[in-house]
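# Close look at the chain arrangement
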Amino acid sequence: MQSRVIEIVDEGNGHLSIYVTNLDHNSPTDSLAHRGRELAAAKRAFGSPTEKGDVQGLWQRDLPAQNLLALKYYYGGDVFGPQAGWTQDYTRAFKIWQRSAKKGVEPSQFMLGVMYMLGQGVDSDYAEAHAWFNLALSGGYKLATDSLMELSHKISADEKRQGQQRLQQLREELADVN
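Residues numbered from 1 in each chain as written. Predicted model: local features only at pLDDT ≥ 70, side-chain atom pairs only at ≥ 80, totals over all residues. Heavy atoms only, no water.

A few words now on the overall build of the protein. The helix and strand inventory of the protein stands at 8 helices and 4 strands. Moving toward the C terminus, one meets the helices and strands of the protein in the order β-β-α-α-α-β-β-α-α-α-α-α. Counting only residues that meet the buried cut, the protein has 40% of its 178 residues in that class. Residue pairs in contact within the protein that sit at least 24 positions apart in sequence constitute 48% of those at least 6 positions apart. About 9900 Å² of surface is accessible on the protein, with carbon and sulfur atoms providing 51% of the total. (Helix = DSSP H or I, 4+ residues; strand = E, 2+ residues; numbered from the N terminus. Buried < 20%, exposed > 50% of the residue type's maximum accessible area, 1.4 Å probe, protein only. Contact = heavy atoms within 4.5 Å. Areas by Shrake-Rupley, 256 points an atom, 1.4 Å probe, with all protein chains shown as cover.)

What follows is the structure, given as structure tokens:
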């Protein structure tokens, strides 16, 4: 069995480093101790994102890393609560999710729907939320069903119609990207 571990390290001075490690659980070299040594070696090799390497560019290409980074900003840590070195920043989370949502990442599409519905980092917009939730659902993200049910109690018929139009527009944009 294999899995991918994504570590985000706050290097201070506004610099984040992201390390991606592929683990093979059948290999004795993929223990936590080995992973720690590997991450330390990667940090030495890449330095901070402004020094050398392409660590900063990695998060722009690696969609799971983008989602993890957005979650850190959304919660100011993680789902269990705030973490040292992180500040809740809905605007930054929104911008990161927007980038990956437009590449077809369903969890990011779902989170844009949440943020539009609740007005987090953007103005509340039920039509836009409706479009993003439906896009995520059509891609197989089942959690969007519950959010659409919640939204159905808030959205007007006109907003729903606008949301359907926006959904069609988003599908066309995604077809152009892919």
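As a further point, take helix H3 (residues 63-75). Given a rise of 1.5 Å per residue, 13 residues ought to cover 18 Å, and the 18 Å separating the end C-alpha atoms of H3 matches this to within 8%. Those residues of H3 lying buried are Ala65, Gln66, Asn67, Leu69, Ala70, Lys72, Tyr73 and Tyr74. (Expected span 1.5 Å × (residues − 1).)

Turning our eyes to something else, we now look at helix H5 (residues 106-118). Its 13 residues give H5 an end-to-end C-alpha distance of 18 Å, which sits within 8% of 18 Å, the value for a rise of 1.5 Å per residue. Burial analysis of H5 places 10 of its 13 residues in the buried class, the great majority of the element. Of all the residues in H5, the buried ones are Ser108, Gln109, Phe110, Met111, Leu112, Gly113, Val114, Met115, Tyr116 and Met117. As for H5, its buried residues are in contact with H3, helix H4 (90-101), helix H6 (126-138), helix H7 (144-152) and helix H8 (157-177). Directly after H5, the chain includes Gly119, whose backbone phi takes a positive value near 70°.

This paragraph deals with the pattern of salt bridges. Per the stated rule, a full pass over the model turns up 4 salt bridges. Note that Asp158 is salt-bridged to Arg161, the shortest N-O span being 2.4 Å. Here Asp158 pairs with Arg161, and both are found in helix H8, just 3 residues apart, close to one helical turn. Note on Asp158: relative accessible area 38%, which makes it partly exposed. Note on Arg161: relative accessible area 42%, which makes it partly exposed. Put simply, Glu173 and Arg166 hold a salt bridge, and the shortest N to O gap is 3.6 Å. Salt bridges sharing common partners tie together Glu128, Arg166 and Glu173. (Salt bridge = Lys/Arg side-chain N within 4 Å of Asp/Glu carboxyl O.)

Right, let's get into a nonpolar patch on the surface. On the surface, a nonpolar cluster with roughly 370 Å² of combined accessible area is contributed by Tyr75, Val79 and Phe80. Locating Tyr75 in the fold gives a position in helix H3. For Tyr75, a relative accessible area of 32% translates into the label partly exposed. (Patch = residues over 30% accessible without salt bridge, like charges linked within 9 Å, V, L, I, M, F, W, Y side chains within 5 Å.)

Among the secondary structure elements, Met117 is positioned in helix H5. For the pair Met117 and Lys154, spaced 37 residues apart in sequence, the C-alpha separation works out to 9.2 Å.

In this section: the confidence of the model for the protein. Per-residue pLDDT for the protein averages 78, and the proportion of residues at 70 or more is 65%. Element-level mean pLDDT values for the protein span from 46 in helix H1 (residues 32-46) up to 97 in H6. Low pLDDT, under 50, characterises residues 28-56; the predicted model gives this stretch 35 contacts beyond four residues in sequence or across chains. (pLDDT = per-residue confidence, 0-100.)

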